[in-house]
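Here is what each chain is made of, one letter per residue.
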Amino acid sequence: DAKTTQPPSMDCAEGRAANLPCNHSTISGNEYVYWYRQIHSQGPQYIIHGLKNNETNEMASLIITEDRKSSTLILPHATLRDTAVYYCIVRHYNTDKLIFGTGTRLQVFP
Amino acid sequence: NAGVTQTPKFRVLKTGQSMTLLCAQDMNHEYMYWYRQDPGMGLRLIHYSVGEGTTAKGEVPDGYNVSRLKKQNFLLGLESAAPSQTSVYFCASSYGAGAKTQYFGPGTRLLVL
């Protein structure tokens, strides 16, 4: 499985966009980029995923570079409830195994 | 729908004791998973199941056994607990191969003294 690299922590002001980067330079053509988050010590929560096109849902947007070696998760208007650890995961299309790294701890401040 | 539930929420064991963690899901999911999370770390896959009666090893299976006798339940057993198994255990389930997402339970905190 391809490895991902994320900054250990980031801050964001409430109401601003939070942009969380992820590097996955060894990703292969049949691997998806997934994002999960873990609020406090709860179970992880699915956010979004994509293959090569940009994706948007009610929670976030996912921007994947053309060479697919990196991506950015965007929370358009961060709230205090978005404070969490965000995991970027690369997953092969025919496996359900998720390989979690250490993620990015996002702190949203008032 | 309760989603994914885990029992118990918290447990303290002495070294050498045994216990079983129960995971239940009411979403008719085929796949179920057990993860452990140590402080400051991401989740690591212990065992998983792709259907009733089947189990397979994940990244860190040693010291654990699992059973999937019913589709909705996935049991994680510790036969002889060790302090290194102190962790938070998460169960998850998904529809199956190619499923978009895994749904996670609230976790079980286990302390082995």
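First things first, this report covers the structure right here in the doc. Quantities reported herein were computed from a predicted structural model and do not represent experimental measurements. (Residues numbered from 1 in each chain as written. Chains lettered and ligands numbered in written order. Predicted model: local features only at pLDDT ≥ 70, side-chain atom pairs only at ≥ 80, totals over all residues. Heavy atoms only, no water.)

Considerations on the side chain of H49 of chain A
(1) Moving on: The residue H49 of chain A is located in strand 4 (residues 45-50) in this model.
(2) Moving on: Of the polar contacts made by the side chain of H49 of chain A, one reaches the side chain of Y46 of chain A; its length is 2.6 Å. (Helix = DSSP H or I, 4+ residues; strand = E, 2+ residues; numbered from the N terminus. Polar contact = N/O pair within 3.5 Å; in protein donor to acceptor, adjacent residues only side chain to side chain.)

Brief notes about the packing of aromatic side chains
Geometry of an aromatic ring pair is reported as the spacing of the ring centres plus the angle between the planes.
(1) Moving on: Going through the model one piece at a time under the given rule, you end up with 12 aromatic pairs over all chains.
(2) Moving on: Aromatic pair Y36 of chain A and Y46 of chain A: ring centres 5.8 Å apart, planes at 75°, arrangement edge-to-face. Linking Y36 of chain A in strand 3 (residues 31-38) with Y46 of chain A in strand 4, this pair joins segments that are 10 residues apart in sequence.
(3) Moving on: Given a relative accessible area of 21%, Y46 of chain A falls into the partly exposed group.
(4) Moving on: Here the aromatic cluster, defined as three or more aromatic residues joined through ring pairs, consists of Y32, Y34, Y36, Y46, Y87 and F100 of chain A together with Y33, Y35, Y48 and F104 of chain B. (Phe/Tyr/Trp six-rings, centres within 6.5 Å; stacked < 30°, edge-to-face > 60°. Buried < 20%, exposed > 50% of the residue type's maximum accessible area, 1.4 Å probe, protein only.)

Observations regarding the state of the cysteines
Residues and elements named next belong to chain A.
(1) Moving on: Evaluated as defined, the whole model comprises two disulfides over all chains.
(2) Moving on: The side chain of C22 participates in a disulfide bridge whose partner is C88; the two sulfur atoms lie 2.1 Å from each other. The S-S bond linking C22 to C88 shows a torsion near -80°; that makes this disulfide left-handed. One end of the pair, C22, is in strand 2 (residues 18-23); the other, C88, is in strand 8 (residues 84-92), and 66 residues separate them in sequence. This pair shows no difference in class: C22 is buried, exactly as C88 is.
(3) Moving on: Unpaired in terms of disulfides, C12 finds its nearest cysteine sulfur in C22, a separation of 18 Å.
(4) Moving on: Since its relative accessible area comes to 6%, C12 is described here as buried. (Disulfide = S-S within 2.5 Å.)

Considerations on the side chain of R36 of chain B
Residue and element names in this part refer to chain B.
(1) Moving on: Examined against the element boundaries, R36 turns out to sit in strand 4 (residues 31-37).
(2) Moving on: Of the polar contacts made by the side chain of R36, one reaches the side chain of Y64; its length is 2.9 Å.
(3) Moving on: There is a polar contact of 2.7 Å between the side chain of R36 and the backbone oxygen of S84.
(4) Moving on: If sequence neighbours within four positions are ignored, R36 has contacts with G42, L43, R44, I46, V60, Y64, S84, Q85, T86, S87, V88 and Y89. (Contact = heavy atoms within 4.5 Å.)

Some thoughts on the sheet that holds strand 1 (residues 4-7) of chain B
Residues and elements named next belong to chain B.
(1) Moving on: Spatial strand order, 1-3-8-7: four strands in an open sheet with antiparallel pairing. The open sheet has two edge strands, strand 1 and strand 7 (65-67), and neither has a second partner. The sheet shows a mean angle of 20° between the axes of neighbouring strands, taken without regard to direction.
(2) Moving on: Here strand 1 runs beside strand 3 (residues 19-25); their pairing, made up of four bridges, is antiparallel. Bridged to T5 within strand 3 is A24. (Pairing = 2+ DSSP bridges. Axes fitted to C-alpha atoms, helices over the stretch in contact; angles between N-to-C directions.)

Some remarks on the interface of chain A and chain B
(1) Moving on: Contacts between chain A and chain B engage 19 residues on the former and 24 residues on the latter.
(2) Moving on: The junction of chain A with chain B conceals about 1500 Å² of combined surface from both sides, 51% of it contributed by carbon and sulfur atoms.
(3) Moving on: The three residues of chain A that bury the most area against chain B are D96, K97 and F100 of chain A, which together make up 33% of that side's buried surface.
(4) Moving on: Connecting chain A to chain B are zero salt bridges.
(5) Moving on: Our count for the contact surface shared by chain A and chain B stands at six residue pairs in polar contact (both at pLDDT 80 or more).
(6) Moving on: The set of elements that each furnish at least two residues to the side of chain A that touches chain B consists of strand 3, strand 4 and strand 8 of chain A.
(7) Moving on: With three residues, strand 3 of chain A is the single largest residue contributor to the side of chain A that touches chain B.
(8) Moving on: Considering only residue class, the side of chain A that touches chain B consists of nine nonpolar, seven polar and three charged. (Buried area = accessible area lost by both parts, 1.4 Å probe. Salt bridge = Lys/Arg side-chain N within 4 Å of Asp/Glu carboxyl O. Nonpolar A, V, L, I, M, F, W, Y, C, P; charged D, E, K, R; others polar.)

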